[in-house]
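Residue strings, one per chain:
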Amino acid sequence: MTTPILTQRRRLTALRAAALFDGTSGALIRDPLILIDGDTIVAVGSGVPAPDHADVIELGGATLLPGLVDSHIHLAFDASPDPVGSLGGRSDDEVIDAMAQAARTALRGGVTTVRDLGDRGYLSLGLRGTPGLPAIAAAGPPITTPGGHCHYLGGVTEPTVDAARAAVREHAERGVDVIKIMASGGTLTPGTYQHLCQFTPELLRAAVDEAHRHGLQVTAHAHAVAAIADAVAAGADGLEHVSFWTEDSVASPADLIQLIADRQTIVGLTVGMVPIPGLEPPPVVRARLPLIVANMRRFYEAGALMVAGSDAGIAPIKPHDVVRHAPDQLREIGVGQAEALRMITSVAAEVIGLGHRKGRIAPGFDADILAVDGDPIANPAALHRIQAVYARGAAVPEVSTARPTS
Ligand SMILES: [Zn+2]
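Quick caveat: nothing in here was measured; it's all calculated off a predicted structure.

Definitions and limits used
- Residues numbered from 1 in each chain as written.
- Predicted model: local features only at pLDDT ≥ 70, side-chain atom pairs only at ≥ 80, totals over all residues.
- Heavy atoms only, no water.
- Helix = DSSP H or I, 4+ residues; strand = E, 2+ residues; numbered from the N terminus.
- Rg over C-alpha atoms; globule rule 2.2 N^0.38 Å.
- Buried < 20%, exposed > 50% of the residue type's maximum accessible area, 1.4 Å probe, protein only.
- Lys, Arg positive; Asp, Glu negative; His and termini not counted.
- Charge placed at Lys NZ, Arg CZ, Asp CG, Glu CD.
- Expected span 1.5 Å × (residues − 1).
- Bend = angle between axes of the 7 residues up to and from the residue.
- Contact = heavy atoms within 4.5 Å.
- 1 Å grid on protein atoms, 1.4 Å probe; cavity = no way out; pocket = protein on both sides within 12 Å on 5 of 7 lines; lining within 4 Å.
- Points joined across faces, edges and corners; volume = space filled by probe spheres on them.

(A) Here's a closer look at the overall build of the chain. When you go through the chain residue by residue, the secondary structure sums to 10 helices and 18 strands. For the chain, the C-alpha radius of gyration of 21 Å lies close to 22 Å, the compact-globule estimate for 406 residues. When the backbone C-alpha atoms are referred to their principal axes, the chain occupies close to 70 × 55 × 40 Å. In the chain, buried positions account for 54% of the 406 residues. Each charge class in the chain can be summarised by its mean position, and for the 32 positive and 44 negative side chains these summaries are 3 Å apart.

Right under this line is the structure:
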């Protein structure tokens, strides 16, 4: 008896548009065709016909980009005026619902991959791999000190080497993708201070060493100059904010900036905000912003490895799809538009350890694609005119419509 052999070919999907930014090059490719098989890109061409066994989707004058990658967000914070208070008033089930809603907001705004750098009680881990949400990498609750920055998220450790190592081990056992440690205080936590360290150099070294033993990268929330210096000395893979915050201003330590650039420690700039009339960063941030921007420029000129990482969720000016506003701030420090787009696609994907699947439009990569109306290199506002979003080959319903840029 012979078994019939199924010979019918799988149908592919072909996306056709006016132009393509592939995530790595400096210029657009004209008349592109992307071939998708299920959730994966299988071919990318220019000026070529679609094969017979493909369903063609015509996107007219659109430019196709890789889905955006935000290396620093908080799904548990709801981008309200009091995200910490809102979170505190919610049960875990309610938090999970709000986090899924936040993740959908990101996806509708073209953000197909996020790294959550601080949830409550490891809740983001359970959302990983959920259909209809972006790809999620997660840190779980940030490791902090008793009463320290974001202590209410549950990642408090006693200030001993053994406890710091045990906290990292617990995170590794729970299956986090990265370790986030609060090296200094932060704006969201009254009673903590941005200009002060939370951990001794010895404790930071122990945490980083333990993380690396488990194959995990560490990124340190670090505002204070000493916290930044200690985190770099401890071998942290990344730094968030990196503001060089002092009690009454902002410092600019040239040697430390150069050291961070030379070591290629990842600098998470936490830029990107929606211009909402009447809403601005808190006064302590606003007063320092020009100096922080000047330091960002120094990092850029020193050749530092920088990503945008928006800190989405912490305020109304930072909704969960805010990262497409990052290029506007990156321009202020001299970053060109194509490079800014790389920083929120391929570079961000690389930094969070997903550079082999995310952040590029190329064969073998996940079919995460953003289609916008117009040329987002010549006209940055085009990035906000979203026409379609595909996440692992699936069209995202109800994509965001245009949002003002100034
Ligand atoms: Zn954050």
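(B) Main features of helix α7 (residues 283-301). Counted at 1.5 Å a residue, the expected span for α7 with its 19 residues is 27 Å, and the 28 Å between its end C-alpha atoms agrees. Where α7 bends most, at L289, the angle is about 50 degrees, and the proline P290 comes one to four residues later. Buried within α7 are the following residues: V285, R288, I292, V293, N295, M296 and F299. Each element contacted by the buried residues of α7 is listed here: β13 (238-245), α6 (254-263), β14 (266-268), β15 (306-307) and α8 (326-332). G303 sits one or two residues past α7 and shows a positive phi near 85 degrees.

(C) Molecular detail of helix α2 (residues 92-108). Here α2 spans 24 Å end to end across 17 residues, near enough to the 24 Å set by a 1.5 Å rise per residue. Along α2, the residues that are buried comprise V95, A98, M99, A100, A102, A103, A106 and L107. Those residues of α2 that are buried lie in contact with α1 (83-88), β9 (111-116) and β17 (386-391). At the exit of α2 stands G110, carrying a positive phi of roughly 90 degrees.

(D) Structural view of the layout of surface pockets. In this structure, the largest pocket spans a volume of roughly 790 Å³. As for the largest pocket, its lining consists of 39 residues, and the residues nearest its centre are T187, P282, V285, I314 and K318. Secondary-structure elements contributing two or more residues to the lining of the largest pocket are α1, β11 (179-182), β12 (218-224), β13 and α7. Sorting elements by how many residues they give to the lining of the largest pocket places α7 first, with four residues.

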